[in-house]
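Examining the three-dimensional arrangement
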Amino acid sequence: MVLAGAISLALALGLLVEMGREIAREIDALATANSDNTQWSLAQTDVELLALDDAIDVALVVDDAEVDADTLRQVRSRFDIFYSRVSILRSSPIFASVREDPVAVEALSRIEAFLAETIPLIDADDAGLRAALPLLEARTEAIRPDVRTVTLQGVAALAREADDQRTGVASTLSLVSKITAALFFVMVVLVALLAHFVRKERTRAYQEGRTRARLASIISTSLDAIVVADQEGRVLEFNPAAEKIFGYARDEAMGARMEDLIVPEHHREAHVAGMKRYQATGERHVIGKGRVQLEARRKSGDIFPVELSISSAETRKGEVFISYARDISHQVAAERELIKARDEAVAGEKAKADLIAVMSHEMRTPLNGMLGTLDLLDTGERPPKEREYLDIIRASGRQLLYHVDTVLEISRAEAGKIVLAEEPFSLPALVRELVESQRGVAEHRGNALSYLVETGGTDHVLGDPTRVRQVLLNLLGNAIKFTRNGAIAVEAERLDDSEMIEFRVIDDGIGIDAADLDRVFEDFVTLDTSYTRSVGGTGLGLGIVRRLVKAMGGQIGVESTKGEGSLFRVRLPLPSIVRSATPSDRPETAADGVSEAAVVAPMKVLIVEDNRINRIVLRDLLEQDGHAVDEAHDGQQGVDMAARTSYDIVLMDISMPVLDGVAATRAIRADEARGTRLPIVALTAHAAAVDKERFRAAGVDDILVKPISRQGLRAVLAGFSHKGMRTGAPAAATPAVLDRAQLDDLGSALGAGKLAELLAAFRAEMTDAVETITSRLARGEVDFGLADAVHHAAGSAAMFGATALRGELVALEELIRRGDQPDPATGPGLRATWTSTEAALTGSAERG
Amino acid sequence: MTFCTLARSLTLASALFAAGAAAALEPAEGEVLLTVTGAIGQTNAGDAAEFDRALLEGLGTVVIETTTIWTDGLQTFEGVELVDLLAAIEAEGTNLRGIAHNDYAVDIPVADAVEGGPIVAFLRNGEAMSLRDKGPLWVIYPFDSSPDYQSETIYSRSIWQLDRIEVQP
């Protein structure tokens, strides 16, 4: 806009100047007349010729000698004047137009000829002139028409010239009017531009005023002190915040030097040097470097910390420095307080931790003494009341010891004193054992427990099984604690072929409030609900878990929804030690290796179980598969019913009032006719190897670990479905030839190589043993020596999980020791069982 | 515009003469070229002041180089400045009436008579001017020196064949 205006203005001015020059030229031409009164001059030629003629006429009539001289002089004078006039016509530029007229030129040349031939007459002496007067008169008369012609032609030529001149003047005037119009236009444009600039300037001034006002209000209301100083360090501006912070009134500060006002004395030298250096070299240390922390001085002399930011700006008066300062003495003091508090807290925490560690250790020793002494007391001889008291004392003592141990564990973890073992173990076995060990507790609260291990064939891992078990036990314990009549699952999964195993403990219990999720891993946290309170605990469990997981290089997390359950997730680096030869994706389940069991043909089933809920569950599961179900509420009832009715299978709970499962089994077996064997499956939550041994020795054919799942149940029933149940050989009636879990445990404990070595030895030994026993039975050499051999073989079989074989051997040993004669079929039965066991062992070895 | 030069040449002798002339005007001894009458303080022939060539030269002369509208090319005129002439005769009028041999007459305001202004020329291109050559005296303004001297009024005042001057109050 301004640029366009300036350009048009420049163009207009250029045009104007050019036009002005043109006008000046024209005006010059008008102002400097280049002609005399030409017409008059021209006509004067005629007049002067007449005057000459007149003078000649006068001279002709005079004869007085004295007068004569005078008249002759007149003639001469008049001739000269005429001559002079003609010479003007001939040479003057103003008659140039006349000289261009051919007629006039012709006449003029005749006039000049007249003059030329007349001069000698005029210049002659008086007598000569007098003599020539008549001739002179004749010539003068003769030339008059020519003079007339020149005059008339000249008038015409000059009139034309005048016309041309007028036309020129008219065009000049027209040009002047155009220039005037142009000038007017330019003036209008200039006025418009001027008005525009004036308006702009006014707007700018207004805005500048507003900006200035805004700036002033910003400066005056700023919470930070703003001090503006010139290059000498003299204060140019000192805002209200600066007054407040530094204690000087604005009037005091204005014009004073910064170093005298607010720079502490011990910094003054450095400040002055810094200013000098900046002025000399332009090198900046503080200016424009953002926030720096410095010390400043108040009017009272107090030195206090400020956060300072200095920038510089160019003004008309030279460079100025704008400092923004914030009093941070409170902040600095608060920081100092905070650091002190933290140091004290850390020291206190350390002292507390030390105290706890020492106390726990010191408490442990007397507690152990107490509990040991309690065990020495022979409770059997005490009256029942006292026995009860002692039990309470023992239980309380153990609880106390557990708590102390927990605290000690924490202390050790805090001190980084957790020593981790690194040994091979079987992940599925660990999980299964853990789950089974807790099944009783879970069932007590009505919880169904299941587990799933998916390692992609990398069951055997390297790590600290004790710690892993501790972690999982803690999580599982919590899940059981906070779940009633629900389902709890323990899952283990290898993450994408990595070293990481993810364990998940999932329950559908009370869940954790979102607000508490972050706190659950903290020490001494027991969530404040009545339910939790009823459950109790030190609140250290998850704290220990967190530390253990961290120590093992893992991670732990939790997801939970209040009222819907929780999912604890632990990831631990547990590298695989053996890659399975035949990798199997088959997940290990509570059904002990059977992933999908088919429904078997309808069977007649007796349930011996004191727990009503368990009975209902079992009955439902069986009836849904089409089986006929009878129930017995305790062991004795079960024995009675088995004697009265013929069943395809008995499901026997172990712990029951009146007669427990083991005793009931023994009773049934004792009543059995020779050659018949009613399949009895023990139902138990306690699946420790030693217990299993006890059950089998009593005559249990298989063990079903609670909680009972549909799949597990079907798998077990399938094992007995197509057997000649009452006629089948004992070996055939035994479904689980090989307890793989037992074998796995052994493998974990010994390592795969060692296990293979031992297995080879076991197979050789057992083949010999079975052969020896069979042949001695055939020869009828039944004595205590045979019983010892059988016992030894049973021990070996138990060691390697050859359950069926062991069962038969144990039964045989009992028989011999009772003094009974063994069945003749026992020998071949043993051999058959061993053969199938060997086959299973071979399969197992292949499986890895 | 063609250039114009104005040169003043005042000899020691003429200066002395002029000093003397202030006291009294010498009578003309040669042919009288100019007769001045009217309101004048100095006379040498009755009520008139008559000038011959010598008297005019005695007043001090100047040279004007200029073109004119009546002549062809640059001309050199030498003569007495009108202002000097009027001073010499102690003229006290406001108007000069110039009268020529050819009976032409024109009024010249005394105000025109300034230093560097018009002269009463008696030499053109170094030669005396005859009557045929618009002599013997010709009032010449320095036309080329200023556009002010290029008007018709000035041309009309440039009287040639000057014979007499009447100083009018």
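Residues numbered from 1 in each chain as written. Chains lettered and ligands numbered in written order. Predicted model: local features only at pLDDT ≥ 70, side-chain atom pairs only at ≥ 80, totals over all residues. Heavy atoms only, no water.

1. What to know about the overall build of chain A
Helix and strand content of chain A: 27 helices and 18 strands. Across the 848 residues in chain A, those meeting the buried criterion constitute 42%. In chain A, once contacts between residues fewer than 6 apart in sequence are set aside, the share between residues at least 24 apart is 67%. (Helix = DSSP H or I, 4+ residues; strand = E, 2+ residues; numbered from the N terminus. Buried < 20%, exposed > 50% of the residue type's maximum accessible area, 1.4 Å probe, protein only. Contact = heavy atoms within 4.5 Å.)

2. Overview of the confidence of the model for chain B
Residues at a pLDDT of 70 or more form 86% of chain B, whose mean pLDDT is 83. Contacts for the low-pLDDT stretch residues 1-23 of chain B, under 50 throughout, to residues beyond four places or in other chains number 36 contacts. (pLDDT = per-residue confidence, 0-100.)

3. Side note on the packing of aromatic side chains
All names here are of chain B. Evaluated as defined, the whole model comprises 14 aromatic pairs over all chains. An angle of 75° between the planes, with centres 5.7 Å apart, marks the rings of Trp70 and Trp160 as edge-to-face. In this pair, Trp70 sits in the loop between β4 (61-66) and β5 (75-81) while Trp160 sits in the loop between α4 (152-157) and β11 (162-168), placing the two residues 90 residues apart along the sequence. This pair shows no difference in class: Trp70 is buried, exactly as Trp160 is. (Phe/Tyr/Trp six-rings, centres within 6.5 Å; stacked < 30°, edge-to-face > 60°.)

4. With respect to the pattern of salt bridges
Residue and element names in this part refer to chain A. Tallied over the full model, the rule gives 51 salt bridges over all chains. Linking Glu117 and Arg139 is a salt bridge whose minimum nitrogen-to-oxygen distance equals 3.6 Å. Remark: Arg139 occurs in helix α6 (residues 126-221) and Glu117 occurs in helix α5 (residues 102-123); sequence separation between them is 22 residues. Since its relative accessible area comes to 43%, Glu117 is described here as partly exposed. Here the salt bridges share partners, and the residues they tie into one network are Glu491, Glu493, Glu502, Arg504, Glu559, Arg569 and Arg571. (Salt bridge = Lys/Arg side-chain N within 4 Å of Asp/Glu carboxyl O.)

5. Some words on empty space enclosed by the protein
All chains considered together, the criterion is met by two cavities of 30 Å³ or more. Taken together, the residues of the lining of the second largest cavity break down into five nonpolar, one polar and no charged. (1 Å grid on protein atoms, 1.4 Å probe; cavity = no way out; pocket = protein on both sides within 12 Å on 5 of 7 lines; lining within 4 Å. Points joined across faces, edges and corners; volume = space filled by probe spheres on them. Nonpolar A, V, L, I, M, F, W, Y, C, P; charged D, E, K, R; others polar.)

6. Observations regarding the environment of A:Arg76
All names here are of chain A. Along the chain, Arg76 turns up in helix α3 (residues 65-91). Considering only alpha carbons, one finds Arg76 and Ile119, 43 residues apart in sequence, at a separation of 9.5 Å. Polar contacts involving the side chain of Arg76 include one to the main-chain carbonyl oxygen of Ala124, which spans 2.8 Å. (Polar contact = N/O pair within 3.5 Å; in protein donor to acceptor, adjacent residues only side chain to side chain.)

7. Topic: the interface of chain A and chain B
Contacts between the two partners involve 26 residues from chain A, matched on the other side by 21 residues from chain B. Across the interface of chain A and chain B, roughly 1,900 Å² is buried in total on both sides, 51% from carbon and sulfur atoms. At the surface where chain A touches chain B, the tally comes to three salt bridges. When the shortest N-O distance is used, the salt bridge between B:Arg132 and A:Asp80 registers 2.6 Å. Applying the counting criterion to the chain A and chain B interface returns seven residue pairs in polar contact (both at pLDDT 80 or more). Contributions of two or more residues to the side of chain A that touches chain B are made by α2 (38-61), α3 and α5 of chain A. Considering each element in turn, the side of chain A that touches chain B owes the most residues, 11 residues, to α3(A). Here the residues of the side of chain A that touches chain B are counted per class, giving 11 nonpolar, nine polar and six charged. (Buried area = accessible area lost by both parts, 1.4 Å probe.)

8. A closer look at the sheet that holds strand β2 (residues 235-238) of chain A
All names here are of chain A. Judged by pairing direction, the sheet is antiparallel, and its five strands sit side by side in the order β2-β1-β5-β4-β3 without closing on themselves. For this open sheet the edge positions go to β2 and β3 (292-297), each flanked by a neighbour on one side alone. For this sheet, the mean angle separating the axes of adjacent strands, direction not counted, is 35°. Of the pairings in the sheet, the one linking strand β1 (residues 225-230) to β2 comprises three bridges and is antiparallel in character. The partner of Val228 across the bridge, within β2, is Glu237. (Pairing = 2+ DSSP bridges. Axes fitted to C-alpha atoms, helices over the stretch in contact; angles between N-to-C directions.)

9. What about the pairing of β5(B)?
All names here are of chain B. When you tally the buried positions in β5, you get five out of seven residues, the bulk of the element. Two elements, β4 and β5, share five bridges in a ladder whose sense is antiparallel. Each bridged residue has a counterpart across the sheet, and for Thr66 the counterpart in β5 is Gln75. Judged from the five bridges that link them, β5 and strand β8 (residues 119-124) form a sheet pairing that is antiparallel. Counterpart to Phe77 in the pairing with β8 is Arg124.

10. Overview of the sheet that holds strand β17 (residues 680-684) of chain A
Residue and element names in this part refer to chain A. An order of β15-β14-β16-β17-β18 is seen for the five strands of this open sheet, with the pairing classed as parallel. Two strands close off the open sheet at either side, each with one partner strand: β15 (628-632) and β18 (702-705). Across the sheet, the axes of successive neighbouring strands diverge by a mean angle of 25°, strand direction being ignored. This element, helix α17 (residues 612-624), spans β14 (604-608), β15, β16 (649-653) and β17 of the sheet and lies at about 165° to β15. Packing of helix α19 (residues 661-671) onto the sheet brings it into contact with β16 and β17, and relative to β16 it is tilted by some 150°.

11. Describing α5(A)
All names here are of chain A. Between its terminal C-alpha atoms α5 stretches 31 Å, which fits the 32 Å expected from 22 residues at 1.5 Å a residue. When the local axis directions of α5 are compared, the greatest deviation, roughly 30°, occurs at Glu117, which is followed within four positions by the proline Pro120. Of all the positions in α5, only Ala104, Ala107, Leu108, Ile111, Phe114, Leu115, Thr118, Leu121 and Ile122 are classed as buried. Where α5 starts, the residue carrying a side-chain oxygen 3.0 Å from the main-chain nitrogen of Val103 turns out to be Asp101. (Expected span 1.5 Å × (residues − 1). Bend = angle between axes of the 7 residues up to and from the residue.)

12. Brief notes about the nonpolar core
If you look at the biggest cluster of nonpolar residues, it comprises 79 residues, and the most contacted ones within it are A:Val75, B:Val36, B:Phe51, B:Trp70, B:Leu85 and B:Ile89. Apart from the residues lying within four places of it in its own chain, the contact partners of B:Ile89 are B:Leu25, B:Val36, B:Ile40, B:Gly41, B:Gln42, B:Ala49, B:Phe51 and B:Val167. (Core = buried A, V, L, I, M, F, W, Y, C linked by side-chain atoms within 4.5 Å.)

13. Observations concerning a nonpolar patch on the surface
All names here are of chain A. Residues Leu355, Met359, Met363 and Leu400 make up a contiguous nonpolar surface patch of roughly 350 Å² in combined accessible area. It is helix α11 (residues 329-376) that contributes the most residues to the nonpolar patch, three residues altogether. Mapped onto the secondary structure, Leu400 falls in helix α12 (residues 384-414). With relative accessibility at 38%, the residue Leu400 sits in the partly exposed group. (Patch = residues over 30% accessible without salt bridge, like charges linked within 9 Å, V, L, I, M, F, W, Y side chains within 5 Å. Areas by Shrake-Rupley, 256 points an atom, 1.4 Å probe, with all protein chains shown as cover.)

14. Comments concerning the packing of helix α13 (residues 427-444) of chain A against helix α14 (residues 465-481) of chain A
All names here are of chain A. Two elements in contact, α13 and α14, have axes whose closest approach is 10 Å; the angle formed by their N-to-C orientations is 30°. Taken together, α13 and α14 sit at an angle that is classed as roughly parallel. Between α13 and α14 lies a crossing of right-handed hand. Between α13, through Leu430, Leu434, Val435, Gln438, Val441 and Ala442, and α14, the contact on the second element is made entirely by Pro465, Val468, Arg469, Leu472, Leu473, Leu476 and Ile480. Looking at the contact of α13 with α14 residue by residue, the class counts come to 11 nonpolar, one polar and one charged. (Parallel < 35°, antiparallel > 145°, perpendicular 65-115°, else oblique. Left-handed = near helix turned anticlockwise from the far one by under 90°.)

15. Points about the side chain of A:Ser92
Mapped onto the elements of the fold, A:Ser92 is located in the loop between α3 and α4 (96-99). By relative accessible area, A:Ser92 is classed as buried at 0%. Ignoring any residue separated from it by four or fewer positions in sequence, one finds A:Ser92 in contact with A:Ser87, A:Arg99, B:Ile69, B:Trp70 and B:Thr71.

16. Some words on unusual backbone geometry
Residue and element names in this part refer to chain B. Residue Gly135 is joined to Pro136 through a cis peptide bond whose omega torsion reads 0°. One non-glycine residue with positive phi stands out, namely Glu90, at about 50°. Checked against the element boundaries, Glu90 lands in the loop between α3 (82-88) and β6 (95-100).

17. A few points about the packing of α2(A) against α6(A)
The angle between the axes and the distance between the axes are what describe a pair of packed helices. Residue and element names in this part refer to chain A. The interhelical angle for the contact between α2 and α6, taken along N-to-C directions, is 165°, at an axis separation of 9 Å. Here α2 lies roughly antiparallel to α6, going by the angle between them. Relative to α6, α2 is oriented so that their crossing is left-handed. Grouping the amino acids of the contact of α2 with α6 by side-chain chemistry returns 16 nonpolar, six polar and eight charged.

18. Quick notes on helix α21 (residues 710-721) of chain A
All names here are of chain A. Counted at 1.5 Å a residue, the expected span for α21 with its 12 residues is 16 Å, and the 16 Å between its end C-alpha atoms agrees. Among the 12 residues of α21, nine are classified as buried, and the element is accordingly described as predominantly covered. Those residues of α21 not exposed but buried are Gly712, Leu713, Arg714, Ala715, Val716, Leu717, Gly719, Phe720 and Ser721.

19. A word on the confidence of the model for chain A
Residues and elements named next belong to chain A. Looking at chain A as a whole, its pLDDT mean stands at 80, while 88% of the residues score no less than 70. For chain A, the element scoring lowest by mean pLDDT is helix α22 (residues 730-733), at 36; strand β10 (residues 500-507) scores highest, at 93. This stretch, residues 579-596, has a pLDDT under 50; its non-local contacts, to residues over four places away or in other chains, come to 31 contacts. Between residues 723-735, whose pLDDT stays under 50, and residues either more than four places distant or in other chains, the model counts 26 contacts.

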